[in-house]
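Tertiary structure, described
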Amino acid sequence: MEAHRVNVLLHAIGFGLVTAAIIATSAVAFSLQYAVTDVPNFAHGELLTVAAYAAYETQQHGLGLAIGAAAGATTGAAVAYLMYRLVLRGFVWKSSRLVYTVAVTAGISLIIQNGLGILFGNAEVTLNLPSDQARHVGPFLWTQTDITVILGSLVALATVHLTLRHTPFGRAQRAVADNRELARASGLRIERVISLTWLMAGAVAGLGGVALATSRSTFGPLLGNSFLLVTLAAAIVGGVGRVYGAMIGALTIGLVTELSGAYFNAGYKQVAALAVLTLVLLVRPSGILQVQRTRAEA
Amino acid sequence: MTFVGEHQTGKPQSTVLAVEDLSRSFGGVPAVDGVSFRISGGEIVGLIGPNGSGKSTTVNLVSGSLRCDSGRILLRGSDISNRSAYQVARLGLTRTFQIPRVWGRLTVAENLLVAGTDVSDESATRALTRRRKLRQQRGELEERLFDILATLNLTPLANQQAEVLSGGQKRLLEFGRIMMSGASVLVLDEPFAGVNPVMCRALQDIIEALRADGCLVLLIEHNLQAVEETCDRVIVMATGKIIAQGSLAEVRASEKVISAYLGQAS
Ligand SMILES: Nc1ncnc2c1ncn2[C@@H]1O[C@H](COP(=O)(O)OP(=O)(O)OP(=O)(O)O)[C@@H](O)[C@H]1O
Ligand SMILES: [Mg+2]
């Protein structure tokens with residue numbers, strides 16, 4: 001009986017880590033893009049969805065999941081980039097009013113959802129996954145796909161980290177996020193940094209979308225949209241626009257949702273995410289990492 | 001440092017920065033109203049005047065942060081009036097802000113690197129031998145970074161987040177950014193404000209060294225003693241217009257200047 005309880009717990013934590021990996025990829029992309037470009041992208045979920053469909057489409061052509069992931073990342077990057085260049089750029093420069101950008105991105109979200117519905121039908125499609133047995137990895141029970149998802153996310157997050165911390169472009173990104181006017185006065189090409197950030201965030205979100213699709217295996221045009229809430233929750237719990245916070249936020253939300261799913265009811269997962277979000281907003285309105293900063297300012 | 005300012009050899013200087021009939025108003029109220037002046041390479045010019053006389057607005061216009069309503073700004077003979085701030089910066093004109101600005105979430109060293117990187121990045125695109133050039137430039141960049149950190153006594157703080165710096169240290173970091181950027185036209189908005197006398201002396205030395213390197217400096221300052229020590233000549237503004245130019249002693253004797261300052265005090 002005791003052993004069974006421990007198993008349920010470990011099982012849930014194992015699941016939680018897989019979920020956290022997917023949320024982290026999505027939330028880091030959201031936070032990175034928001035921090036640098038100042039646009040809260042309510043069409044973020046659709047970047048995941050188009051990537052999932054790209055992976056599905058490559059599979060229809062008999063290609064493997066690795067190529068599907070690459071296609072997903074490319075599609076996510078391209079859609080994010082076009083979203084910015086064709087639509088958002090005009091709005092962002094003309095008016096910085098938050099409501100407008102929210103309304104416009106929400107509009108883009110609906111357009112993409114409907115577009116995908118027209119292209120692929122509103123019925124769910126199914127990814128073919130290698131049928132593999134869950135096996136024990138340390139204390140956890142993971143399938144090969146789970147392991148790939150975790151490793152893939154780790155690689156994506158490490159790449160984001162290395163870019164931000166150790167390349168001139170990453171420094172420029174952080175400078176633009178930190179103080180845009182100073183960056184401009186210092187001769188940084190803001191426009192280029194922002195365009196490339198959409199590309200980069202789109203690619204990372206795309207990888208998240210493929211990971212999400214593999215974890216669900218069947219999905220429809222609402223795949224990413226249904227994931228926006230947990231993404232936002234993780235990004236906010238970590239402190240909006242804080243890339244590293246988003247990773248911690250994802251871990252929190254991933255574990256809490258899976259544990260609540262295991263102990264209560266799978267239907268409560270989103271509720272659990274919202275509960276954590278509300279709690280964090282009450283206790284530390286600017287995210288769990290924020291406490292040090294406030295102290296420094298005080 | 002690399003080359004000695006020509007002014008020291010006594011040769012006549014050519015105009016590097018020229019402002020012609022510059023105007024800008026906010027909601028119909030003129031903040032800068034028909035301002036013209038010329039500054040040569042190697043000169044340090046003070047821009048003084050009562051509060052609200054349009055000094056910072058002039059800086060914003062010259063640096064491309066603000067668009068002018070009319071008039072022209074010429075940098076080495078080419079019109080930069082319609083250039084954006086980043087283009088102006090790339091042409092070698094750098095400014096500081098009345099309230100010091102730093103990238104708080106970047107480290108002190110990173111603040112300097114950002115100020116230095118992008119320019120080398122551009123010349124790298126031009127270079128054919130891209131790789132080697134890039135590596136060489138990165139080496140030079142780091143060397144310059146260590147030099148500047150040492151000059152400014154910021155070495156112990158190199159890896160601190162810039163947001164923890166004191167006001168005076170942020171000023172130093174701003175100077176570091178200027179030095180790193182390799183700009184030759186410096187527009188400084190109250191660089192000595194809120195800085196203790198010792199550090200003020202240090203900043204004055206840095207300005208002097210930059211001039212010796214051939215930089216032109218336009219500096220806004222309320223502390224007339226610092227202006228006297230630092231500047232070759234001054235431009236006095238009041239209510240958006242230039243009311244006097246010349247040596248500090250000359251403008252101090254001017255009726256217009258006295259009444260502008262007294263008018264503010266009363
Ligand atoms: N962005 C702006 N919007 C509206 N009015 C402005 C703006 N910037 C400056 N002004 C106005 O222009 C006038 C000149 O301001 P400016 O900041 O150039 O003065 P200043 O000479 O730098 O003064 P101080 O010595 O106090 O810094 C002021 O009346 C100010 O209110
Ligand atoms: Mg001012």
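Scroll up to find the structure this text is about.
In this report, we go over the structure that sits alongside the text. A quick note: this is a predicted structure, and the numbers were derived from the prediction, not measured.

Calculation criteria
- Residues numbered from 1 in each chain as written.
- Chains lettered and ligands numbered in written order.
- Predicted model: local features only at pLDDT ≥ 70, side-chain atom pairs only at ≥ 80, totals over all residues.
- Heavy atoms only, no water.
- Axes fitted to C-alpha atoms, helices over the stretch in contact; angles between N-to-C directions.
- Helix = DSSP H or I, 4+ residues; strand = E, 2+ residues; numbered from the N terminus.
- Parallel < 35°, antiparallel > 145°, perpendicular 65-115°, else oblique.
- Left-handed = near helix turned anticlockwise from the far one by under 90°.
- Contact = heavy atoms within 4.5 Å.
- Donors = N, O, S within 2.8 Å, 3.2 Å for Na, K, Ca; no water.
- Near = heavy atom within 4 Å.
- Polar contact = N/O pair within 3.5 Å; in protein donor to acceptor, adjacent residues only side chain to side chain.
- Areas by Shrake-Rupley, 256 points an atom, 1.4 Å probe, with all protein chains shown as cover.
- Nonpolar A, V, L, I, M, F, W, Y, C, P; charged D, E, K, R; others polar.
- Buried < 20%, exposed > 50% of the residue type's maximum accessible area, 1.4 Å probe, protein only.
- Pairing = 2+ DSSP bridges.
- Expected span 1.5 Å × (residues − 1).
- Arc of directions from axis to C-beta.
- Buried area = accessible area lost by both parts, 1.4 Å probe.
- Salt bridge = Lys/Arg side-chain N within 4 Å of Asp/Glu carboxyl O.
- 1 Å grid on protein atoms, 1.4 Å probe; cavity = no way out; pocket = protein on both sides within 12 Å on 5 of 7 lines; lining within 4 Å.
- Points joined across faces, edges and corners; volume = space filled by probe spheres on them.
- Phe/Tyr/Trp six-rings, centres within 6.5 Å; stacked < 30°, edge-to-face > 60°.
- Lys NZ or Arg CZ within 6 Å of the ring centre and 35° of its normal.

**Here we look at the packing of helix α9 (residues 225-237) of chain A against helix α10 (residues 243-263) of chain A**
To characterise two packed helices, one gives the angle between the axes of the helices and the distance between these axes. All names here are of chain A. Interhelical geometry of α9 versus α10 gives an angle of 125 degrees and a closest axis separation of 7 Å. Comparing their axes, α10 and α9 come out oblique. Here the hand of the crossing between α9 and α10 comes out right-handed. Contact with α9, carried on its side by Val230, Ala233, Ala234 and Val237, involves Ala246, Gly249, Ala250 and Ile253 of α10 and no other residues of that element.

**Considerations on the coordination of the magnesium ion (ligand 2)**
The protein atoms donating to the magnesium ion (ligand 2) are Ser56 of chain B (OG) and Gln98 of chain B (OE1), with metal-donor distances spanning 2.0 to 2.2 Å. One end of the pair, serine 56 of chain B, is in helix α1 (residues 55-62); the other, glutamine 98 of chain B, is in the loop between β6 (93-95) and α3 (108-126), with 42 residues separating them in the sequence.

**Some points on the site of ligand 1**
Residues and elements named next belong to chain B. Residues in close proximity to ligand 1 include Phe26, Ala31, Asn51, Gly52, Ser53, Gly54, Lys55, Ser56, Thr57, Gln98, Glu190 and His222, which together make up its full environment. Side-chain polar atom of serine 56 to an oxygen atom of ligand 1: 2.8 Å apart, as the coordinates give it. For ligand 1, whose free accessible area comes to 630 Å², the fraction covered by protein is 58%. Top element by residues in the shell around ligand 1 is α1. It accounts for three residues. Considered class by class, the residues forming the shell around ligand 1 number two nonpolar, eight polar and two charged.

**What about the side chain of threonine 57 of chain B?**
Residues and elements named next belong to chain B. Tracing the sequence through the fold places threonine 57 in helix α1. According to the relative accessible area criterion, threonine 57 is buried, its value standing at 12%. Beyond its immediate stretch of four places on either side in the chain, threonine 57 contacts Arg24, Phe26, Ala31, Val32 and Leu66.

**Things to note about the sheet that holds strand β4 (residues 70-75) of chain B**
Residues and elements named next belong to chain B. Read from one edge of the open sheet, four strands run β2-β1-β4-β5, paired in antiparallel fashion. With one partner strand each, in any of the chains shown, β2 (29-40) and β5 (78-79) form the two edges of the open sheet. The pairing of strand β1 (residues 15-26) with β2 spans nine bridges and is classified as antiparallel. Residue pairing across strands places alanine 18 opposite arginine 38, the latter belonging to β2.

**Quick look at helix α11 (residues 269-283) of chain A**
Residues and elements named next belong to chain A. An ideal rise of 1.5 Å per residue puts 21 Å on 15 residues; α11 measures up with 21 Å between its terminal C-alpha atoms. Taken residue by residue, α11 has Ala272, Ala273, Val276, Leu277 and Val280 as its buried positions. Projection of α11 onto a plane perpendicular to its axis shows the buried side chains occupying an angular sector of 140 degrees, all on one side. What points out from α11, more than 90 degrees from its buried face, is the exposed set Leu279 and Leu282. On the buried face of α11, the contacting elements are α9 and α10.

**Topic: the interface of chain B and chain A**
Quite often, the size of an interface is put as the accessible area lost when its parts meet. With 22 residues of chain B at the interface, the matching set in chain A holds 19 residues. Summed over both sides, the interface of chain B with chain A buries roughly 2,100 Å², with 54% coming from carbon and sulfur. Looking only at chain B, the three residues that lose the most surface to chain A are Tyr86, Trp103 and Arg105 of chain B, adding up to 28% of its buried area. Across the contact surface, chain B and chain A share two salt bridges. Its salt-bridge partner being glutamate 181 of chain A, residue arginine 101 of chain B comes within 3.1 Å of it at the nearest N-O pair. Secondary-structure elements contributing two or more residues to the side of chain B that touches chain A are α2 (85-90) and α3 of chain B. In terms of residue count, α3 of chain B provides more of the side of chain B that touches chain A than any other element does, seven residues in total. Within the side of chain B that touches chain A, the residues separate by chemical class into nine nonpolar, three polar and ten charged.

**Here's the deal with empty space enclosed by the protein**
By the definition in use, this model includes one cavity of 30 Å³ or more. In this model, the largest cavity occupies a volume close to 30 Å³. Around the largest cavity, the lining residues are Ala185 of chain A together with Ser63, Ala85, Val88, Ala89, Leu93 and Arg95 of chain B. Looking at the lining of the largest cavity, the elements with two or more residues in it are α2 and β6 of chain B. It is α2 of chain B that contributes the most residues to the lining of the largest cavity, three residues altogether.

**Comments concerning the packing of aromatic side chains**
According to the stated counting rule, one finds six aromatic pairs over all chains in the structure shown. For the pair tyrosine 84 of chain A and tryptophan 198 of chain A, a centre-to-centre distance of 5.7 Å together with 15 degrees between the ring planes defines the contact as stacked. Of this pair, tyrosine 84 of chain A sits in helix α3 (residues 65-94) while tryptophan 198 of chain A sits in helix α8 (residues 190-216), placing them 114 residues apart in sequence. Within the aromatic cluster, the residues linked to one another by ring pairs are Tyr53, Tyr56, Phe120 and Phe219 of chain A. Geometry around phenylalanine 97 of chain B places arginine 95 of chain B over its ring, the cationic atom sitting 4.0 Å from the centre. Sitting above the plane of the phenylalanine 97 of chain B ring, arginine 101 of chain B keeps its charged end 3.8 Å from the centroid.

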